[in-house]
2 protein chains.
Amino acid sequence: MQAAILRFSADGYDAASVDDVCNEAGVSKGAFYYHFSSKRALFLALLQDWLSTLETAMASAREPTVPETLVRMTRMLPVAMASAQNRLGMWLEFWLQASRDKEIWKATIAPYRHYRDFFRQLIERGIAEGTFKQVDADATAQAILSLAVGLFLQSVLDPKGADWQHTAEQSMQILMAGLRQPAVRAVRVGGSR
Amino acid sequence: MQAAILRFSADGYDAASVDDVCNEAGVSKGAFYYHFSSKRALFLALLQDWLSTLETAMASAREPTVPETLVRMTRMLPVAMASAQNRLGMWLEFWLQASRDKEIWKATIAPYRHYRDFFRQLIERGIAEGTFKQVDADATAQAILSLAVGLFLQSVLDPKGADWQHTAEQSMQILMAGLRQPAVRAVRVGGSR
């Protein structure tokens, strides 16, 4: 898989062949096809691997409360950005191919739905612990996911357009402000500020 | 430009030549090059045209207050989705080429910064009219833009994954809740709900 990232990034997804990847990795084609049914399957495995790494990092972010945990997660953006930066061309090429093939497309978008579940569970935990209002957990999860996708996309497309980590943290704080328990807010509003 | 959309969507951005577009439009190559310096310039003009149409529609959305106006704007998502749906392949192809050329890339991402200004001015109006707290207008604009980009991207990639218009409206409501004047909120919190 490391060899595939190297070849796909350097030569492009179209131009890099299974032969090239095997040569880079020093493995036989037999060994390749034992693990992957095709170049597309290899790419999907790379995508899955990247998403799993992100999710493991997200799941390990733990602060005392869910709102703090969500803000903490925005600190992962620079890492996600860095790993995507040099691979933008490779990804666009793959999506282009995927957009013309229904089955591949399904596999490509499946992770989004998975992430929505991840955030929904987190929001439900926030409601249970009393930091969040009784919000619609699914809609809220979707809002967080959309914000994350948008921030990620813009940061990769325009890395110098903003201080993205700061922007992500502020955006999440703004979103959190609307989700917090009114009781807690009311105390703060009436407090020293 | 209509002929270009037709040919790029049907044949792909790479495969469709300036000749093809001229034939479709029934114009000479001389006439083409009088208006556009290259196929890329034509594509950038299409992109600009699409973004201008969106912005005109956004600027015409006027409700009594800024928060209501922003929620109203989410009703444009289905229109934006529909116009992007059949052109996804064409866009991915263009972005792929753009990602390999710095100048084209700059022209491609310029609209994002422009939209951020648009939303910043709207937030400033909301602060001036007293519906929004004294929030950081630029950070808030970026949060709204990221949310919009994320919703748009996900809705185009996975049109059946959710009721996107409903999702967009709910997401915007959630974001708005954190921006509204605390005084107004406090009244509501202590009110009939």
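Here the structure is a predicted model, which is why all the values come from computation and not from measurement.

Basis of the calculations
- Residues numbered from 1 in each chain as written.
- Chains lettered and ligands numbered in written order.
- Predicted model: local features only at pLDDT ≥ 70, side-chain atom pairs only at ≥ 80, totals over all residues.
- Heavy atoms only, no water.
- Helix = DSSP H or I, 4+ residues; strand = E, 2+ residues; numbered from the N terminus.
- Buried < 20%, exposed > 50% of the residue type's maximum accessible area, 1.4 Å probe, protein only.
- Contact = heavy atoms within 4.5 Å.
- Areas by Shrake-Rupley, 256 points an atom, 1.4 Å probe, with all protein chains shown as cover.
- Lys, Arg positive; Asp, Glu negative; His and termini not counted.
- Charge placed at Lys NZ, Arg CZ, Asp CG, Glu CD.
- Least-squares fit on C-alpha atoms with pLDDT ≥ 70 in both.
- Salt bridge = Lys/Arg side-chain N within 4 Å of Asp/Glu carboxyl O.
- Polar contact = N/O pair within 3.5 Å; in protein donor to acceptor, adjacent residues only side chain to side chain.
- Nonpolar A, V, L, I, M, F, W, Y, C, P; charged D, E, K, R; others polar.
- Core = buried A, V, L, I, M, F, W, Y, C linked by side-chain atoms within 4.5 Å.
- Axes fitted to C-alpha atoms, helices over the stretch in contact; angles between N-to-C directions.
- Parallel < 35°, antiparallel > 145°, perpendicular 65-115°, else oblique.
- Left-handed = near helix turned anticlockwise from the far one by under 90°.
- Phe/Tyr/Trp six-rings, centres within 6.5 Å; stacked < 30°, edge-to-face > 60°.
- Lys NZ or Arg CZ within 6 Å of the ring centre and 35° of its normal.

**Q** I keep staring at the overall build of chain A and nothing clicks. Help me out?
**A** Looking only at helices and strands, chain A features 11 helices and zero strands. Helices (α) and strands (β) of chain A occur, in sequence order from the N terminus, as α-α-α-α-α-α-α-α-α-α-α. The dimensions of chain A, computed from C-alpha atoms along their principal axes, are 70 × 35 × 30 Å. Within the span of chain A, comprising 193 residues, buried residues form 52% of the whole. Sequence separation of at least 24 residues holds for 68% of the intrachain contacts in chain A that already meet a minimum separation of 6. Accessible area for chain A stands at about 9400 Å²; split by element, carbon and sulfur atoms hold 53% of it. Side-chain charges in chain A split into 21 positive and 20 negative, and the spacing between the mean points of these groups amounts to 5 Å.

**Q** For this particular structure, what's the right way to read the relation of the copies chain A and chain B?
**A** Here the two chain copies are tied together by a rotation about an axis and a shift along that axis. Of the two same-sequence chains, chain A is brought onto chain B (RMSD 0.0 Å, axial shift 0.0 Å) by a rotation of 180°. Overall, the copies show the geometry of a two-fold rotation axis.

**Q** Honestly, the interface of chain A and chain B in this entry has me stumped. Any pointers?
**A** Interface size is commonly expressed as the accessible area that is lost once the parts come together. In this assembly, 44 residues from chain A lie in contact with 45 residues from chain B. At the junction of chain A and chain B, the tally comes to zero salt bridges. Inspection of the chain A/chain B interface yields eight residue pairs in polar contact (both at pLDDT 80 or more). At the level of secondary structure, the elements contributing two or more residues to the side of chain A that touches chain B comprise helix H7 (88-98), helix H8 (102-129), helix H9 (137-157), helix H10 (164-177) and helix H11 (182-189) of chain A. Ranked by residues supplied to the side of chain A that touches chain B, first place goes to H9(A) with 13 residues. Across the side of chain A that touches chain B, the residue classes break down as 23 nonpolar, 12 polar and nine charged.

**Q** Looking at this structure, how should I read the nonpolar core?
**A** In globular proteins that are soluble, nonpolar side chains generally tend to be buried together. Core analysis: the biggest nonpolar cluster contains 135 residues, and A:Phe8, A:Leu70, A:Phe119, B:Phe8, B:Leu70 and B:Phe119 have the highest contact counts within it. Sequence-distant contacts of B:Leu70, defined by excluding residues within four places in its chain, comprise B:Phe119, B:Leu122, B:Ile123, B:Phe132, B:Ile144, B:Met172 and B:Met176.

**Q** What is the right way to look at the packing of helix H1 (residues 2-11) of chain B against helix H2 (residues 18-25) of chain B in this model?
**A** Residue and element names in this part refer to chain B. Interaxial distance between H1 and H2 falls to 8 Å at its minimum, and their mutual angle equals 125°. Relative to H2, H1 is oriented oblique. The chirality of how H1 crosses H2 is right-handed. Across the interface between the two elements, Ala 3, Ala 4, Leu 6, Arg 7 and Phe 8 from H1 touch Asp 20, Val 21, Glu 24 and Ala 25 from H2.

**Q** In this structure, what is going on with the packing of aromatic side chains? I would like to understand it.
**A** What describes a pair of aromatic rings is the distance from one ring centre to the other and the angle between the planes of the rings. Tallied over the full model, the rule gives 14 aromatic pairs over all chains. Measuring from centroid to centroid gives 5.6 Å for A:Trp50 and A:Phe152, while their planes differ by 40°, and the two rings are tilted. Of this pair, A:Trp50 sits in helix H4 (residues 39-60) while A:Phe152 sits in helix H9, placing them 102 residues apart in sequence. For the pair formed by A:Trp50 and A:Phe152, the shared burial category is buried. For the ring pair B:Phe8 and B:Phe43, a centre distance of 5.9 Å and an interplane angle of 40° mean the geometry is tilted. In this pair, B:Phe8 sits in helix H1 while B:Phe43 sits in helix H4 (residues 39-60), placing the two residues 35 residues apart along the sequence. An aromatic cluster is built from A:Phe8, A:Tyr13 and A:Phe43, whose rings are joined through pairwise contacts. The cationic tip of A:Lys39 hangs over the ring face of A:Tyr13; the distance from NZ or CZ to the ring centre is 4.7 Å.

**Q** For this particular structure, what's the right way to read the packing of helix H9 (residues 137-157) of chain B against helix H10 (residues 164-177) of chain B?
**A** Each packed pair of helices is defined by two parameters, the angle between the axes and the distance between the axes. Residues and elements named next belong to chain B. At their nearest, the axes of H9 and H10 sit 11 Å apart, and the two run at 165° to each other. With respect to H10, the element H9 is oriented roughly antiparallel. Between H9 and H10 lies a crossing of right-handed hand. Note on element contacts: H10 touches H9 through Trp 164, Thr 167, Ala 168, Ser 171, Met 172, Leu 175 and Met 176, opposite Ile 144, Leu 147, Leu 151, Gln 154 and Ser 155. Split into classes, the residues belonging to the contact of H9 with H10 amount to eight nonpolar, four polar and no charged.

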